Amino acid sequence: MRLVVILLALGLAAVLPAAEPESEDTFERQYDSFQVKVSDPYVEVHTGPGRGYPVFHVVERDAPLTILYMRAGWLKVTTARGRVGWVPRTALAATLDGTGESPEMENLGHEVFQGGHWHASVLVGELDGATSLGVALGYRFTENLTGEVMYSQATGAFSNNTLIDLNLQHQLFPQWRLSPYVALGTGGAIIEPRATLVQPENRKENYAFGGLGLNLYLARGFVMRGEYRSYVLFTEENDNRNLEEWKLGFSVLF
């Protein structure tokens, strides 16, 4: 449980600096060729959205820039030579768009994580009173649909459980920073009873589950993730068991 508290504290610390509300990603759909001209003597283009990323290119005054989207006060841009990078929003505050007016930066959409990427997750929680630890690898086919395989270990007072499952997740609102999803999956469990006198045999059971989850997109491809699952365990005695599990952890997109 101490590990869960640490994860919560780390997640809150990461969220607080970027807690201002974000709009839906409508800019990328409506303004594919939104260009501005640099008005400062020069603008430095970074490899990522932050001062800690190195500068790899400099754009001089009156040169055009195409703005793609915004993340946490940084703008992703394309130069006239096709170089793609990031500049601070403040560096383009005095620029002019194609109409000769200053662009309304607040109308820019924010980056969302579209389909076509992998993620790796580590989660801790509780399964039917036992402490659980899970690792997962998933692939996002579209902005709404993700497939994932998860391996979990749950250690309790009466048994040690190993679970391996395959699940599908449907993102309900993928453009939101705090994005809910529903999950359906199936898998197999190895149940190792803990006995002191007579050691019973391990059992292998199949199960299915449904779940609800939340993804909170942080910076630089990190996601804080929480999930609730309701299991149906198909036992050999034809007396199905219902289990509940909650998990909290982080994902890395790549």
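I will try to describe carefully the structure that is included in this document.

Definitions and cut-offs
- Residues numbered from 1 in each chain as written.
- Predicted model: local features only at pLDDT ≥ 70, side-chain atom pairs only at ≥ 80, totals over all residues.
- Heavy atoms only, no water.
- Phe/Tyr/Trp six-rings, centres within 6.5 Å; stacked < 30°, edge-to-face > 60°.
- Buried < 20%, exposed > 50% of the residue type's maximum accessible area, 1.4 Å probe, protein only.
- Helix = DSSP H or I, 4+ residues; strand = E, 2+ residues; numbered from the N terminus.
- Core = buried A, V, L, I, M, F, W, Y, C linked by side-chain atoms within 4.5 Å.
- Contact = heavy atoms within 4.5 Å.
- Patch = residues over 30% accessible without salt bridge, like charges linked within 9 Å, V, L, I, M, F, W, Y side chains within 5 Å.
- Areas by Shrake-Rupley, 256 points an atom, 1.4 Å probe, with all protein chains shown as cover.
- Salt bridge = Lys/Arg side-chain N within 4 Å of Asp/Glu carboxyl O.
- Pairing = 2+ DSSP bridges.

1. Comments concerning the packing of aromatic side chains
Evaluation of the coordinates by the stated rule reveals five aromatic pairs. Judged by centre distance (6.4 Å) and plane angle (35°), the ring pair of Tyr207 and Phe209 falls under tilted. On the basis of relative accessibility, which here comes to 1%, the residue Tyr207 falls in the buried class. Considering the side-chain rings of Phe209 and Tyr231, the 5.4 Å spacing of their centres and the 45° angle between planes classify their relative orientation as tilted. Of this pair, Phe209 sits in strand β13 (residues 203-217) while Tyr231 sits in strand β14 (residues 222-234); the two residues are 22 residues apart in sequence, bridging distant segments of the chain. Accessibility expressed as a relative area gives 2% for Tyr231, which makes it buried.

2. What about the nonpolar core?
Residues Val43, Leu65, Ile67, Leu75, Val77, Val87 and Leu92 are the most contacted members of the largest nonpolar core, which totals 14 residues. Taken together, the elements giving at least two residues each to this core come down to β2 (42-46), β4 (64-71) and β5 (74-79). Ranked by residues supplied to this core, first place goes to β4 with three residues. Non-local contacts of Val77, meaning those with residues more than four positions away in its chain, are made with Leu65, Thr66, Ile67, Arg83, Val84, Gly85, Val87 and Leu92. Counting eleven residues, the second-largest nonpolar core is a separate cluster that includes Leu163, Ile191, Phe209 and Tyr231.

3. Topic: the environment of Leu243
The topology assignment puts Leu243 in strand β15 (residues 241-253). For Leu243, a relative accessible area of 12% corresponds to the buried category. Between the C-alpha atom of Leu243 and that of Arg229, which follows or precedes it by 14 residues, the distance is 8.3 Å. When neighbours within four sequence positions are excluded, Leu243 is seen to be in contact with Leu127, Asp128, Arg229, Ser230, Tyr231 and Leu233.

4. Remarks on unusual backbone geometry
Notably, Asp62 is not glycine yet its phi reads approximately 70°, a positive angle. Mapping Asp62 onto the fold places it in the loop between β3 (55-60) and β4. Here the phi dihedral of Asp128 falls at roughly 50°; this positive angle occurs in a residue that is not glycine. Among the structural elements, Asp128 can be located in the loop between β8 (117-127) and β9 (130-140). According to the relative accessible area criterion, Asp128 is partly exposed, its value standing at 47%.

5. Section: a nonpolar patch on the surface
On the surface, Trp118, Val122, Leu133, Val135, Leu137, Val149, Tyr151, Ile164, Leu166, Phe222, Val252 and Phe254 cluster together into a nonpolar patch covering about 1,100 Å² of accessible area. Those elements giving two or more residues to the nonpolar patch turn out to be β8, β9, β10 (145-155) and β11 (159-171). Looking at the nonpolar patch, the element that brings in the most residues is β9, giving three residues. If you trace the backbone, Val122 turns up in strand β8.

6. Section: the environment of Val135
Mapped onto the fold, Val135 is located in strand β9. Separated by 114 residues in sequence, Val135 and Gly249 place their C-alpha atoms 9.6 Å apart. In this structure Val135 touches Ser121, Val122, Val149, Met150 and Tyr151, once residues within four positions along its chain are discounted.

7. Details of the pairing of β8
Pairing geometry for β8 and β9, over eleven bridges, is antiparallel. Considered in β9, the bridge of Val124 is made with Leu133. Where β8 folds back on β9, the antiparallel hairpin that results is connected by two residues, among which Asp128 adopts a positive phi of roughly 50°. In terms of strand pairing, β8 meets β15 through nine bridges, oriented antiparallel.

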